[in-house]
Each structure stands twice: as structure tokens, then as C-alpha cells.
Amino acid sequence: MCNHMRFHLSEVRKVMPEDSFYFSILRNPVTMMESSFSYYKYIPAFSKVSTLDQFLQDPWSHYNASLPNNHYAKNLLMFDFGFNNNEKDERHLNLSIALIAKNFNLILISAYFDESMILLKNTLCWSLDDVVSFKLNSRNNKTKHQLSLETMEKIKEWNSLDWKLYLHFNKTFWRKIDESMGREKMQDEVEKLRDRRRQLMKICLQEGGAVDPSQVKDASFKPFQYGAAEIQGYNLNPHLDDRTKMQCQRFITPELQYTASLYDKQFPDTVLKASVQNKTTQAHSQTWKASKAKMRQRRNLNHQGAENQNLRNSVYRKRGSKSTAQTNLPNMP
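With an unreviewed UniProt entry as reference, the chain is termed G3ST2 sulfotransferase, source organism Polyodon spathula. A UniProt comment under Subcellular location (unreviewed entry) is attached to the chain, and it reads "Golgi apparatus membrane". Listed in UniProt under the heading Sequence similarities (unreviewed entry), the comment for the chain reads: "Belongs to the galactose-3-O-sulfotransferase family."

Following this line, the structure appears as C-alpha cells:
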């Protein structure tokens, strides 16, 4: 199971095997807040301010926990793990951290993504190619904003639960590395991973890297755009053989399209049924549209005929003579 979801262990266990390996990845709450403000600019908490600094000057005047989607504006990590992101009690935070540590086999850190992938690979006995990837869902530099030290401190204060949670699991992350393989071996494996990524990017990508959404040539690989962010995508090298092209496509497929592809594989019967129903619905819709168009045309003709008759009667009344009136109607529709 891999998707956008708010974690609820008892619900997840209803569909996952008992021996499932649970892992997650944390983003630094400071950079996440800057990103959230750009991406979710139109949620109620952010919609009436023009800058993140303006919001942070008096966040409680803009933030209302009861309004939809406002969880993106405060302690989003805590919310996603299924806890109360507006709780102020320190005991609540400590209990939350303990439950996360108990339920999740591994907590990774996005700021050290390559190190995280090596740790995941070694924990699950995977190969290097199992964890090599291209960076997806990334904004271009035009929509990124440099934060001042003062702003960073305000973000930490506003998202205090997330910040403390992040500090805790950042420590456990490096502790796992030290205990399992050591920093020197980790660095060696990270370099191998980066070399493999560079090799694959050279093979797969036309420009050698990410491009702005307006420059993505194949619309099926264009990332979903939302808020004030401009999410970058990729263009494949032309003339790739079929096998290489398929592998490269997997690297550049955005999350929504990739989720749809996974869904197709996991629930083929449901997808086929939905496809048939969709085609039937489209056919009915087209038939209904054609029928409505004919009905409109018929009404227009009837209306036009009634108008013509009214006009003729009016002319007859004005002229006072039927024969005279008829000689004045040759150009009437």
C-alpha cells in the first residue's frame, strides 16, 4: 500500500498482511512549510495572505482547525501519522513518537534521500536498481523562496510538534546507519547509487534533467499542477528501444499517472468494468446530446413558425386587405 493517506493502523491492518513492513519518510518541517504555502496557497489558512511571512506574523488570525484542508498549514507530519496536529500537551507528543517507533520498522529522512534509499535497500535485501530513481514532484526555482533565519524559527515554533518529531527520528535515522553499516560504507554506496542515476538519466532524458511543465512534450507525462507551484517533468530521449523506453517511462511517470497504472495492475477486472461503463455512459451521453440538439432545433423551428404567423397576422391587420398584405410578404422568412 503506497498512496496519499492518513495513517490509521487498525484500518491498514484490515487489508495488509500481518508480516507487512511499515516504513515512512519525514521532510524537514521548515522546508515543508515553505512548500505547502506555495502548493496549497488556496486553502483557507493561506488564501488571504500574500506571503508566508505575513501568515507567520499572526498565524492564529488566519488558521481555523475546523475548516477543510487547513491541516496542511500546521503540524502536517503529526496529522499524516493519524494524531491530533493541534494538541499542545507534551505527553501527547511523546506518546505519538513512541507509537510511531513501535508501528514503523523504518523512518527515513527526505533531506538525506539517497542515504535513506540505501538504508531501505539494505534493510529489505534489495538491489541498487530497486531504489534508483529520478526526482519527481519537484518545483522549479522560480516558485521556491529563500527563508530568513527569523522565518525558520517562526515555522519551528508554529509547527513545534512536527519539529520535535523530526528531530527525534533524524537522530534514530543516523543511529541506524551507525549501527548497521557505518558512515564510510554508507557514503560509498550513496556514490554508487548516484553514479547509476546519472547513467540512467543520460540514457533516458532528452535534456539530461527536469524541464518546466510547459516544455513537457508528452502530455501523458506532464505532472499535475496545483496552487502557485510549477511542478517540473521530463522528456524522454527519442529512438529508445522498446525495453529501454518502458524502463525510462517508469522513472519519469508522475505520481497520479503511476498510481493509475498500479491500480490497473492490482484491480484489472474493476478497471475493465469501469472502462466499459464509461464507454456506455459516453455513448448514452452522446445520444442524449444529439437528441437534445434535435429537440432544440424543432423548438426553434416551431417558435420561428409561430413568429412568422404572428407577423403575417399583424401585417394583415395593418393593411386591412388580405390580397394587399400578401403582396408585401415575399421577403419574409
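A tally of helices and strands in the chain yields 14 helices and two strands. Residues counted as buried form 37% of the 333 residues belonging to the chain. The long-range share in the chain, meaning contacts at least 24 apart out of those at least 6 apart in sequence, stands at 65%. A total of about 21,500 Å² of accessible surface is found on the chain, and carbon and sulfur atoms cover 51% of it.

Another aspect to go through is the state of the cysteines. Per the counting criterion, the structure on display carries one disulfide. Note that Cys 204 is cross-linked by a disulfide to Cys 248, the S-S spacing being 2.0 Å. Taking the sign of the S-S torsion, about -70° here, the bridge from Cys 204 to Cys 248 comes out left-handed. With Cys 204 in helix 10 (residues 183-204) and Cys 248 in helix 11 (residues 242-252), this pair connects stretches of sequence that are 44 residues apart. Residue class for Cys 248 comes out buried when judged on its relative accessible area of 1%.

To continue, consider the pairing of strand 2 (residues 106-109). Side chains of strand 2 alternate between two faces, with Leu 106 and Leu 108 and Ile 107 and Ile 109 buried alike. Across four bridges, the pairing between strand 1 (residues 23-26) and strand 2 is parallel. When the bridges of strand 2 are listed, Phe 23 appears paired with Leu 106.

Turning our eyes to something else, we now look at helix 2 (residues 29-39). Counting buried residues in helix 2 gives 10 out of 11 residues, a clear majority hidden from the surface. Considered for burial, the residues of helix 2 that qualify are Pro 29, Val 30, Met 32, Met 33, Glu 34, Ser 35, Ser 36, Phe 37, Ser 38 and Tyr 39. Considering only its buried residues, helix 2 is in contact with helix 3 (44-47), helix 4 (52-57), helix 5 (76-80), helix 8 (149-158) and helix 9 (160-180).

A word on the pattern of salt bridges. According to the stated counting rule, one finds 13 salt bridges in the structure shown. With a shortest N-O distance of 2.7 Å, Asp 114 and Arg 197 are connected by a salt bridge. Taken together, the residues span a long stretch of sequence, with Asp 114 in helix 7 (residues 113-124) and Arg 197 in helix 10 at a distance of 83 residues. Of the residues examined, Asp 114 reaches a relative accessible area of 9% and is grouped as buried. The structure contains a network of salt bridges with shared partners spanning Asp 114, Glu 191, Arg 194 and Arg 197.

So, about unusual backbone geometry. Working note: non-glycine residues mostly have negative phi, and peptide bonds are mostly trans. Backbone geometry at Asn 69 places phi at a positive 70°, although glycine is not the residue there. Among the structural elements, Asn 69 can be located in the loop between helix 4 and helix 5. Even without being a glycine, Cys 125 presents a positive backbone phi close to 60°. With respect to the secondary-structure elements, Cys 125 resides in the loop between helix 7 and helix 8. Of the residues examined, Cys 125 reaches a relative accessible area of 70% and is grouped as exposed.

Rules used throughout
Residues numbered from 1 in each chain as written. Predicted model: local features only at pLDDT ≥ 70, side-chain atom pairs only at ≥ 80, totals over all residues. Heavy atoms only, no water. UniProt positions renumbered as here; feature names shortened; annotations may be inferred. Helix = DSSP H or I, 4+ residues; strand = E, 2+ residues; numbered from the N terminus. Buried < 20%, exposed > 50% of the residue type's maximum accessible area, 1.4 Å probe, protein only. Contact = heavy atoms within 4.5 Å. Areas by Shrake-Rupley, 256 points an atom, 1.4 Å probe, with all protein chains shown as cover. Disulfide = S-S within 2.5 Å. Pairing = 2+ DSSP bridges. Salt bridge = Lys/Arg side-chain N within 4 Å of Asp/Glu carboxyl O.

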